[in-house]
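# Per-entry structural report
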Amino acid sequence: MSVTALDALRVDELDAGSWRASVEAKLASGARFLGLYAVAEGDAPEVRGLFADGDRTTVLRSPTRAGRLPTLVDLLPAADWDEREAHDAYGVAFDGHEPLRPLLDHDPDLARWSVPVRGHDPYQVAVGPIHAGVIESGHFRFHVVGERILHLDLRLFYKHRGLEQAAEGSDAAREGIRYAQRACAGCAVANSVAYAQAYESAAGLWPDGALADIRTVLLELERLWNHLNDISAICAGVGFAAGAMAFASLKERAQRLNERLAGHRFLFDSIAVARSPLSLERDDARTLREDLRELRADTARYWRELQFNSSVQARLTGVGTLTGEQALKLGTVGPAARAAGIRHDRRRHSPRLSYADFAVVAPSSAGDVAARLEQRVAELETTFDLFDTLLARPLRDGVAEPQGDLSSLGIGCVESPRGETVCVLELDGDRVGRLHLRTGSYANWPSVAAAATDNFLPDFPLINKSFELCYACSDR
């Protein structure tokens with residue numbers, strides 16, 4: 001066992017026989033599951049399990065027995081995709097996980113990857129992986145009776161790019177962040193900050209106030225345009241073109257602010273390890289603050305129009321409900337979890353960022369499309385408040401300074417627009433030995449399938465848009 005005091009990061013070395021019991025003990029203590037991944041190590045792969053308890057993160061490191069470990073899915077359904085990915089990418093077999101359906105490996109045999117639904121009335125509707133639009137590849141196989149969804153099988157990973165493996169051997173301080181950033185344009189800042197935090201944690205570095213401020217502003221700018229885009233998508237999902245265009249125009253204004261500040265609409269290359277590539281003098285910070293105040297006023301005006309449109313609201317209430325029990329079971333994160341009553345937001349436990357006195361917002365626990373819409377609107381208010389505070393002063397060049405011991409392992413956890421994103425960096429000297437990125441979208445895709453069950457098939461586009469998850473985050 002080893003502990004890194006700077007980030008309260010604890011590493012427990014296990015043997016294969018104590019893997020399951022150790023996980024049970026962590027769950028019994030109230031720890032939250034952050035993910036599971038495999039590492040190629042000698043003759044047999046090893047497995048790492050990540051758990052959080054407030055500011056403390058524990059890594060359980062276990063060897064396998066000839067490539068096998070007991071499954072966790074009965075204790076921890078949220079580990080389903082993680083175990084399936086570890087099996088497909090590293091050959092780890094999880095005893096008791098039956099059937100261990102492929103995730104990355106696209107077996108052409110339908111029976112190998114989908115859940116069988118039998119009877120005289122059920123039939124299947126296959127949608128994708130190629131869609132009528134510009135979205136990425138994803139296959140949705142609905143098992144339906146009449147128009148009611150009995151079950152949904154998801155198949156993603158059509159463009160699995162192998163970014164984690166490609167990062168191995170790269171210069172961890174200068175090159176590794178590029179692989180995390182390019183996992184997803186919609187979460188480029190969150191993924192980059194998570195990587196930077198992971199490296200700085202391993203290198204014993206701590207950000208000064210200026211670096212924490214600029215990173216927090218960039219994270220909130222990313223949240224701003226994403227939430228505006230998601231509200232527009234929900235309006236489109238019910239055919240309310242006026243609302244869709246209104247919020248799309250706000251999203252466009254937000255992204256133009258991004259481009260003016262960082263030179264890129266998606267804020268690419270705005271985050272670096274141990275320093276900030278950006279700064280903002282007092283007059284520029286004041287101008288950005290004023291522009292954001294105008295955007296806030298227009299957002300509130302458009303929201304009032306949407307909030308009191310009874311025909312729109314009638315299409316949202318009671319549709320695509322994800323219960324709090326389901327959200328806990330599946331490890332749902334972000335706005336989708338908070339809309340189901342799970343009051344967790346990683347910003348409350350982000351000492352490396354400027355979220356002092358942050359309070360979790362959860363206006364409803366209904367868990368339906370209406371609640372997920374209201375959740376984003378409420379979070380926009382918090383984001384605008386943060387801008388008012390942080391942009392009241394110039395944003396100076398910041399750095400991360402030595403304050404702790406060196407380690408070969410670092411973890412960064414960031415609240416992305418879609419939920420908690422976790423980046424794990426294992427160093428091999430000054431090179432990336434293993435990079436693992438588990439995004440909010442990756443965590444939440446199984447929740448989309450749960451929310452779709454027992455709804456009408458024509459409502460699925462709306463349900464899907466109310467989560468508005470990334471495909472690219474999974475196809476990393």
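Refer to the preceding data block for the structure.
Residues numbered from 1 in each chain as written. Predicted model: local features only at pLDDT ≥ 70, side-chain atom pairs only at ≥ 80, totals over all residues. Heavy atoms only, no water.

## Considerations on the sheet that holds strand E9 (residues 139-145)
For clarity, the threshold we go by: Two strands pair under a simple rule: DSSP has to find at least two bridges between them. Numbered from the N terminus, helices here are DSSP runs of H or I no shorter than four residues, and strands are runs of E no shorter than two. Where helices are involved, their axes are fitted lines through C-alpha atoms of the stretch in contact, as for all axes, and angles between N-to-C directions lie from 0 to 180°. The contact criterion used throughout is that any non-hydrogen atoms of two residues lie within 4.5 Å.
The three strands are arranged E8-E9-E10 in an open sheet whose pairing can be described as antiparallel. Sheet topology places strand E8 (123-127) and strand E10 (148-155) at the edges, where each strand pairs with a single neighbour. Taking the axes of each pair of neighbouring strands and ignoring which way they run, one obtains an average angle of 20° across the sheet. Across five bridges, the pairing between E8 and E9 is antiparallel. Opposite Gln 124, over in E9, you have His 143 as the bridge partner. Where helix H14 (residues 440-452) meets the sheet, it contacts E9 and E10, and its direction lies at approximately 165° from that of E10.

## Looking at the packing of helix H7 (residues 209-237) against helix H8 (residues 241-262)
Helix-helix packing is characterised by the crossing angle of the two axes and by the distance between the axes. What counts here: Here roughly perpendicular refers to angles of 65 to 115 degrees, roughly parallel to angles under 35, roughly antiparallel to angles over 145, and oblique to all remaining angles. Helix crossings get a hand from a simple test, with the near helix turned counterclockwise from the far one by less than a right angle marking a left-handed crossing and a clockwise turn marking a right-handed one. Residues are grouped as follows: Ala, Val, Leu, Ile, Met, Phe, Trp, Tyr, Cys and Pro are nonpolar; Asp, Glu, Lys and Arg are charged; all remaining types, including Gly, are polar.
Across the interface, H7 lies against H8 with an axial gap of 7 Å and an inter-helix angle of 160°. Relative to H8, the element H7 lies roughly antiparallel. For the crossing formed where H7 meets H8, the hand is left-handed. Each of Leu 218, Leu 221, Leu 224, Trp 225, Leu 228, Asn 229, Ile 231, Ser 232, Cys 235 and Ala 236 in H7 lies in contact with H8, whose residues at this interface are Gly 243, Ala 244, Phe 247, Ala 248, Leu 250, Lys 251, Ala 254, Gln 255, Asn 258 and Leu 261. Here the contact of H7 with H8 is built from residues that sort into 14 nonpolar, five polar and one charged.

## So, the sheet that holds strand E15 (residues 431-438)
With antiparallel pairing, three strands are arranged side by side in an open sheet as E13-E14-E15. Lying at the two open borders of the sheet, with one neighbouring strand each, are strand E13 (409-416) and E15. Shown here is a sheet whose adjacent strand axes are inclined to one another by a mean of 15°, direction ignored. As defined by bridge partners, strand E14 (residues 419-428) adjoins E15 across seven bridges and the pair is classed as antiparallel. The residue of E15 that forms the bridge with Leu 425 is Leu 435.

## Concerning unusual backbone geometry
Filter applied, for reference: Exposure classes here rest on a 1.4 Å probe applied to the protein chains alone. A residue is buried below 20% of its type maximum, exposed above 50%, and partly exposed in between.
A cis amide bond, omega -5°, links Glu 98 with the succeeding residue Pro 99. Along the chain, Pro 99 turns up in the loop between strand E7 (93-95) and helix H3 (110-113). Cis peptide bonds are those with omega within 30 degrees of zero, and the linkage from Gly 128 to Pro 129 qualifies with 15°. Along the chain, the position of Pro 129 falls in the loop between E8 and E9. Of note, the phi angle at Asp 357 is positive, near 65°, even though the residue is not glycine. Given the relative accessible area of 79%, Asp 357 is considered exposed. Located in the positive-phi region is Glu 468, a residue other than glycine, with phi close to 50°. As for its placement among the helices and strands, Glu 468 is situated in the segment after helix H15 (460-467).

## Some remarks on the pattern of salt bridges
How we decide: Counted as salt bridges are all cases of a side-chain nitrogen of Lys or Arg within 4 Å of a carboxyl oxygen of Asp or Glu.
Summed over all chains, the structure comprises 40 salt bridges. With its nearest N and O atoms 3.0 Å apart, the salt bridge here joins Arg 476 to Glu 164. Within this pair, whereas Arg 476 is found in the segment after H15, its partner Glu 164 is found in helix H4 (residues 163-167), the two being separated by 312 residues in sequence. A salt bridge links Asp 345 to Arg 338; its shortest N-O distance comes to 3.4 Å. Accessibility expressed as a relative area gives 2% for Asp 345, which makes it buried. For Arg 338, a relative accessible area of 0% corresponds to the buried category. A cluster of three or more residues bridged by salt bridges with shared partners is formed by Glu 220, Arg 223, Arg 338, Asp 345, Arg 347, Glu 379 and Glu 415.

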